[in-house]
Every structure is written in structure tokens, then in C-alpha cells.
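# Chains, contacts and geometry: an overview
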Amino acid sequence: MAVVTGESLKSELEMFDIACQDDTILDKMVEQCICNRIQADEMVLEWVAYSTTKNGLKLTTDTLEYFEHEVLNKKNKSKQSFKKEETHNRTRDIHSLQDLIKAEEEEENLLDAYSTPAKGSQKRALTTPEHPHSKRSAALLTSPGLLLSPASFSPSSTPSQKYSQRGAKGEVVVSFGAVQGTRWAGRKESGTGVQLELLEGPEDSLRCSYKYMFQRLRDVRNVLTEKIEELGEGLKAHFNIEEFSPVSLPAQDSITVLGQVSCDSNGKLNAHSVLLEAGPEQGGQQIPVDLSELKDYSLFPGQVVVMEGMNTTGRKLMASKLYEGVPLPFFTSEVKMEMSEEPLNVLVACGPYTPSDSLTFDPLLDLINVIVRDRPDVCLLLGPFVDSKHEQIEKAQVTETFEAIFSRCVESIVDGTQSVGCRLVFVPSQRDIHHHFIYPQPPFSLPSLSKDQAQRVTLVPDPCTLLIDGVTFGLTSTDILFHMGAEEISCGTGTDRFSRILKHMLTQRSYYPLYPPVEEVNMDYEKYQSFGQMPLTPDVLVIPSELRYFVKNVVGCVCVNPGRLTKGQVGGTYGRMLIQRSAASDDGMRVSPCLAAQVVKI
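These lines cover the structure that appears in this document, whether it is placed above or below. Predicted model, so just to flag it, every value in this text is computed and none were measured.

The subject of this paragraph is the sheet that holds strand E14 (residues 471-475). Across the sheet, six strands lie side by side as E2-E13-E14-E16-E18-E17; this open sheet has mixed pairing. Taken across any chain shown, the strands that pair with only one partner, and hence form the sheet edges, are strand E2 (196-198) and strand E17 (550-554). Taking each pair of neighbouring strands and ignoring which way they run, the sheet shows an average axis angle of 25°. As paired elements, E17 and strand E18 (residues 557-561) share five bridges and run antiparallel to each other. The residue of E18 that forms the bridge with Val-554 is Cys-557. Contacting strand E16 (540-542), E17 and E18, helix H14 (residues 497-507) runs over the sheet at an angle of about 55° to E17.

A few words on the nonpolar core. Counting 37 residues, the largest nonpolar core has Leu-367, Leu-381 and Phe-426 as its most contacted members. Judged by nonpolar contacts, the second largest core, of 32 residues, contains Val-378, Val-460, Leu-466 and Phe-473.

Another point: the packing of aromatic side chains. One pass over the structure, following the stated rule, counts 14 aromatic pairs. Taken together, a centroid distance of 5.6 Å and an interplanar angle of 55° make the contact between Tyr-439 and Tyr-512 tilted. Linking Tyr-439 in the loop between strand E11 (423-427) and helix H12 (451-456) with Tyr-512 in the loop between H14 and helix H15 (525-531), this pair joins segments that are 73 residues apart in sequence. Tyr-439 sits in the buried class, given a relative accessible area of 0%. Judged by relative accessible area, which is 1%, Tyr-512 ranks as buried. A network of ring pairs unites the aromatic residues Tyr-353, Phe-385, Phe-406, Phe-426 and Phe-444 as a single cluster. We note Lys-527 situated over the ring of Tyr-210; from NZ or CZ to the ring centre the distance is 5.1 Å.

Turning our attention to the pairing of E11. The element E11 is extensively covered by neighbouring structure, given that five of its five residues are classed as buried. Of the two faces of E11, the one lined by Arg-423, Val-425 and Val-427 and the one lined by Leu-424 and Phe-426 are each fully buried. Pairing between strand E10 (residues 378-382) and E11: five bridges, direction parallel. The residue of E11 that forms the bridge with Leu-382 is Val-427. Across three bridges, E11 lies against strand E12 (residues 457-459) in parallel orientation. Directly across from Phe-426, in E12, lies its bridge partner Leu-459.

With that settled, consider the sheet that holds E11. An order of E1-E22-E21-E9-E10-E11-E12 is seen for the seven strands of this open sheet, with the pairing classed as mixed. Two strands in the sheet have a free side with no partner beyond their single neighbour: strand E1 (172-177) and E12. Along the sheet, successive strands turn relative to each other by an average axial angle of 15°, direction set aside. Where strand E21 (residues 573-579) meets strand E22 (residues 594-601), seven bridges bridge the pair, whose relative direction is antiparallel. Among the inter-strand pairings, Gly-575 is bridged to a residue of E22, identified as Val-599. Of the strands in this sheet, strand E9 (344-350), E10 and E21 are in contact with helix H9 (residues 362-374), which crosses E21 at around 25°. Across the face of the sheet, helix H11 (residues 402-416) comes into contact with E10, E11 and E12 while running at roughly 160° to E11.

Within H14, nine of the 11 residues are buried, which leaves it mostly tucked inside the rest of the structure. Of the positions making up H14, those classed as buried are Phe-498, Ser-499, Arg-500, Ile-501, Leu-502, His-504, Met-505, Leu-506 and Thr-507. Put simply, Asp-496 is the residue that caps the front of H14, since its side-chain oxygen is 3.2 Å from the backbone nitrogen of Phe-498. Among the residues trailing H14, Arg-509 stands out with phi positive, at a value near 60°.

The rules behind each value
All residue numbers refer to positions counted from 1 along the written sequence of the respective chain. Residue-level local features of this predicted model are given only where pLDDT is at least 70; pairs of side-chain atoms are given and counted only at 80 or more, and the full residue set underlies all totals for whole chains, interfaces and linings. Side-chain calculation: all heavy atoms of the structure are included, whereas hydrogens and water are not. At least two bridges found by DSSP between two strands are what make those strands a pair. Segments assigned H or I by DSSP are reported as helices when at least four residues long, segments assigned E as strands when at least two residues long, and all are numbered from the N terminus. Only the stretch in contact is used when a helix axis is fitted, and all axes are lines through C-alpha atoms; the angle between N-to-C directions ranges over 0 to 180 degrees. Here, residues are in contact when the closest pair of their heavy atoms is within 4.5 Å. Definition of nonpolar core: a set of buried residues of the types Ala, Val, Leu, Ile, Met, Phe, Trp, Tyr and Cys, connected through side-chain atoms within 4.5 Å. Residue burial is assigned from relative accessible area. The probe radius is 1.4 Å, only protein chains are included, and a residue is buried under 20% of its type maximum, exposed over 50%, and partly exposed in between. Pairs were defined over the aromatic rings of Phe, Tyr and Trp, the Trp ring being its six-membered one, requiring ring centres within 6.5 Å. Orientation was assigned from the angle between planes: stacked under 30 degrees, edge-to-face over 60, tilted for the rest. Think of it as a cone above the ring: NZ of Lys or CZ of Arg counts as a charge over the ring if it is within 6 Å of the ring centre and within 35 degrees of the ring normal. Counted as a polar contact is a pair of N or O atoms within 3.5 Å, where, for protein atoms, one must be capable of donating a hydrogen and the other of accepting one, and residues adjacent in sequence contribute only when both atoms are in side chains.

What follows is the structure, encoded as C-alpha cells:
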């Protein structure tokens with residue numbers, strides 16, 4: 001710490017046009033700097049801020065006494081209480097992280113003048129002989145702890161009290177399949193020999209960023225038209241329909257029409273505002289639909305349906321029957337794969353990985369410890385990693401670039417799981433503030449990863465279809481459940497809303513069948529046509545949401561909502577699955593490769 005002198009204080013005061021020739025005042029200020037361990041520039045900044053709030057208070061020995069009592073003493077008390085709270089709340093085994101925080105608190109920074117106190121500059125963590133680290137423990141704990149030090153992200157990074165005091169850690173909240181006596185651990189040689197690739201192949205999948213924000217309306221229309229025609233052909237073949245009639249042509253007999261559901265206004269869809277918009281081959285017009293004769297239905301804007309009914313005037317269709325879509329077939333491999341005796345352990349987690357009241361990555365460190373303990377073969381990690389909705393990011397309280405925070409976050413995951421050797425899959429999110437805000441979303445780019453690290457890491461777009469040891473996984477980090485749940489209407493279906501929405505996704509053969517999309521989703525329809533559709537019905541569909549976690553079997557597809565790793569200021573949940581590709585049963589029926597699944601509290 002530099003020595004504070006009267007001359008240095010005098011020059012700092014002159015910068016703010018404050019003349020001070022009295023040596024007694026300067027001596028008093030030097031004494032206050034030494035007692036409170038602050039530099040001359042910070043002392044002057046504190047005084048300027050104080051005098052401004054007091055309507056331009058003059059600099060005298062008396063006013064300095066008031067200044068010390070009202071500002072400096074309170075500042076010291078808050079520092080001491082902050083240190084006590086931090087020591088009390090941090091019950092973690094990562095000694096290096098504790099040492100780092102304590103070392104940083106010992107020094108002060110100019111940022112204290114503008115934000116909450118008790119934040120110091122970065123300092124190298126000191127390892128003491130009392131806490132020797134083996135090479136293995138250093139790889140597992142020290143590296144993530146150091147990389148995810150909150151000091152570098154925010155000038156006010158108090159660990160979340162609510163998160164550290166959470167209860168029911170490790171509690172299983174949802175179970176699916178044969179979980180009785182199940183051993184939730186990976187294979188003996190975790191991650192080795194696991195075949196993991198994008199189903200479409202590297203040439204046909206979204207591998208890098210692309211130009212957007214210049215699509216034309218006619219291009220959007222062409223994509224929607226092709227979607228109506230493609231799904232219409234599938235419905236016509238499945239239900240043996242001879243032909244579709246124009247929607248606006250008056251007819252005295254019952255007709256069958258094809259079209260896309262839409263709303264007659266900008267408001268929410270309801271039973272009295274349903275329109276059916278036909279493709280060009282059926283006239284390309286819109287017609288209101290009366291649903292009063294349908295016993296059960298489930299509709300949402302953008303859904304392609306076939307309806308049967310009367311249209312005597314050409315102005316309204318009285319629907320009497322509704323044909324829903326047909327899902328695509330499941331994946332069948334032409335190459336015979338060797339049957340593995342041990343099932344594949346897959347862990348699924350979705351961000352945000354920090355509590356909403358702090359930028360400390362404690363939940364992520366806890367997840368790394370879970371990975372080290374359970375040793376899964378594959379970890380599917382979905383964004384957001386640097387959440388645009390985080391309070392401190394919205395208020396611009398971070399002191400490092402978003403890209404740097406993300407890079408260190410990923411490095412800590414890769415380094416922390418190095419001893420496990422599991423495969424890591426990173427899926428971006430619309431809420432990742434450092435990444436392209438477009439749907440479909442290109443994969444992350446991580447040029448800083450070494451060659452050895454990159455062999456374990458797979459970067460995929462949102463959405464995507466993965467092939468892992470012959471089992472297909474559909475992945476999307478966009479909250480389509482929440483978006484469609486707000487728009488879908490139903491009557492007399494007898495099923496829960498989650499199952500209906502998931503069935504719509506599979507029968508509409510799309511990861512985002514809603515049209516128009518919600519305002520926060522920026523859709524590029526040309527790329528959506530290529531990369532937003534399901535090439536087949538996945539064996540497992542991972543679809544994280546703000547809504548309640550679940551595991552459901554919908555038309556043969558196991559759909560998993562693992563929840564988010566943090567829910568506000570408290571801990572959230574993650575998912576785990578046991579996967580084993582199996583041959584068809586004796587009666588020729590398909591057997592789901594998902595043996596068991598659970599959602600667990602972090």
C-alpha cells in the first residue's frame with residue numbers, strides 16, 4: 001500500500017477544484033487514510049461524494065470529523081460484518097476458494113467508491129502446509145474453484161445465503177422405469193468407447209454461425225407453405241384421405257380440409273377465435289372454424305391439422321372431426337451394434353448455473369462434485385451459462401467480459417471432470433448473453449480448448465438430434481413447453497397439458513411448432529426449415545423448462561424435463577438416465593432404450 005502524504009492529497013483535491021492550504025486539514029486527512037487503510041484518491045472521492053450530498057459542504061476539520069463518523073466508520077463496520085458472514089456461509093471443502101476470497105478481502109479497490117464495499121483486487125491463492133493437495137484432488141477441486149472465483153466477475157459477489165442453506169440435497173423428486181436397486185454409476189472406463197455424433201452428420205448440421213436478420217416475408221411464407229404440404233401428405237396417406245377441398249368453397253356435403261391453425265387477432269387463441277389457413281393448393285385463404293361439435297380437441301397457433309365438416313356458406317367451417325398429426329418412425333440402425341452388458345449413464349443439467357442474487361458458481365461446483373462421484377459416461381449440459389436475465393448482468397455489475405466468464409466456466413467443467421473422462425455436450429441457449437440471439441442457434445466456439453480437452457467435448461446447436469451408442473436424443477434449451485402452454489387450448493382430452501404439448505411436438509415433427517413464435521424467440525425460417533425439424537422421433541427428448549420437472553413416456557418417446565440447476569436464489573434439479581439399446585421384444589414390439597430415469601435435487 002503506497003504511503004499517503006499531504007502533497008498527494010492536495011493534488012487530488014485540486015483535480016476537483018478544491019483548494020486547501022491548511023496543513024492541519026491535510027494532516028487530519030492523512031491520519032484518516034492511515035487509520036482506515038485507504039489511498040489518497042479514494043479518500044478524496046469519498047469526500048467529494050459526501051460533500052455533494054450535503055449541498056457542497058466546505059472542507060474543515062469539523063466537517064472531516066462528521067465525515068469520519070458518518071462514512072468511514074460505517075464502511076469499516078460493514079467490512080467486518082461481511083467477513084464474518086462470508087466465513088460463516090462458506091462451508092465448502094474447496095480450501096483454495098476460501099483462501100482466495102480471504103486474500104482478496106485484504107486489499108481494497110477504487111471500485112469500492114462506486115459499489116458495495118469489501119471487495120478486493122485479485123491475488124494469487126495461497127496454499128498452506130495445513131491443507132496439502134494431491135494431484136488428483138487438485139484436478140477435481142482446485143481448478144474449478146480457482147477458475148470460478150467470484151472475485152473476477154463482480155465487484156459485489158457475496159455467496160447466496162439461501163442457496164448455501166438449502167435443504168433436501170440429493171433428494172429424488174421424480175422416478176421413471178425400473179429404479180429399484182439401480183446403481184447410478186457409469187461404466188468402468190467412463191466415456192471411453194462411447195459413440196456420440198450428430199444424427200444429421202457434420203455436413204448437414206448447423207456447425208457454425210450464419211448471417212441473419214435479412215429474411216423476406218415471401219421466404220417465410222414458402223417455408224410455412226411447404227410445412228403444410230409436407231404434413232398434409234403424411235396425414236393423407238395415414239388416414240386414406242382421397243383429396244382435400246378448398247376451404248372457402250361452399251359445399252352442401254361434408255368436406256375434408258387441410259390448413260394451419262391461427263388466431264383471428266393478436267390476442268390469445270380461444271374456442272371462438274380459431275382460423276384455418278389453407279395452403280396455396282387449397283386456395284390459400286383463411287376461414288373461421290366453429291368447434292362446438294367437436295367432443296375433444298387440442299389446438300395451438302401454427303398447428304397443421306386436417307378437419308372434416310360442413311361449409312355451406314363458404315364463410316365458416318362447422319368442424320365435426322379432427323385428424324391429428326402422425327409422428328415419424330424411430331431410429332433403426334442398418335449396422336448391427338454390439339450389445340453392451342452395462343447400460344450407459346447419462347447426466348442432464350440445464351442452466352442457469354448461478355443463483356439469481358449472486359454470480360458465484362456454487363451450484364456448478366456442486367454439479368462437478370456429483371459428476372466426480374457418480375462418474376457418468378455422458379453429460380448433457382444446456383445453457384444458459386452466462387444468463388442474460390441475471391440481476392447483476394442486467395444492471396451491468398460485472399467487471400469481466402461475458403465471453404471470458406463463459407470460457408472460464410467451461411474450462412472449469414472440463415478440468416474438473418478430467419479424472420472421470422466422461423463425454424461433455426454443450427448446448428447453447430437463447431438466454432446466453434455472449435452468444436448469437438437467433439433460432440436455430442449455432443453451437444458455441446471454444447478455440448481455447450487444448451487438443452486433449454476437445455476430444456471429450458462436443459459442441460452442438462440448439463436444437464439438435466444426437467446419436468449416442470445407437471440411441472437418439474432430441475435436445476433443445478428453448479422453453480417451448482412454457483411458450484406453447486400459454487397458447488394451447490383444449491377440451492375433453494383427458495390428458496395433462498405437458499403430455500399434449502409433447503405429443504404436438506412429435507406429431508408436428510418440429511422442435512418449435514408454434515407460429516408466430518413468442519417475442520423473445522428470433523426465428524430464422526430458412527435455417528428453421530433445415531435445422532429446426534425432427535428428422536425422426538427421438539428415443540429420448542430433453543426439453544428443460546421453467547415449469548415443473550417430469551419424466552414422461554409420450555407415444556414411445558421418453559420426454560425429460562430436468563428442471564433448472566438453480567431456481568431463483570435456491571438450488572434446483574438435474575436429471576440422470578440409464579440407457580441401453582435393446583433388440584425388439586418377442587412379439588416384435590419396440591422396447592424403449594431408457595431403462596430408468598430420475599430427477600434429483602442438487
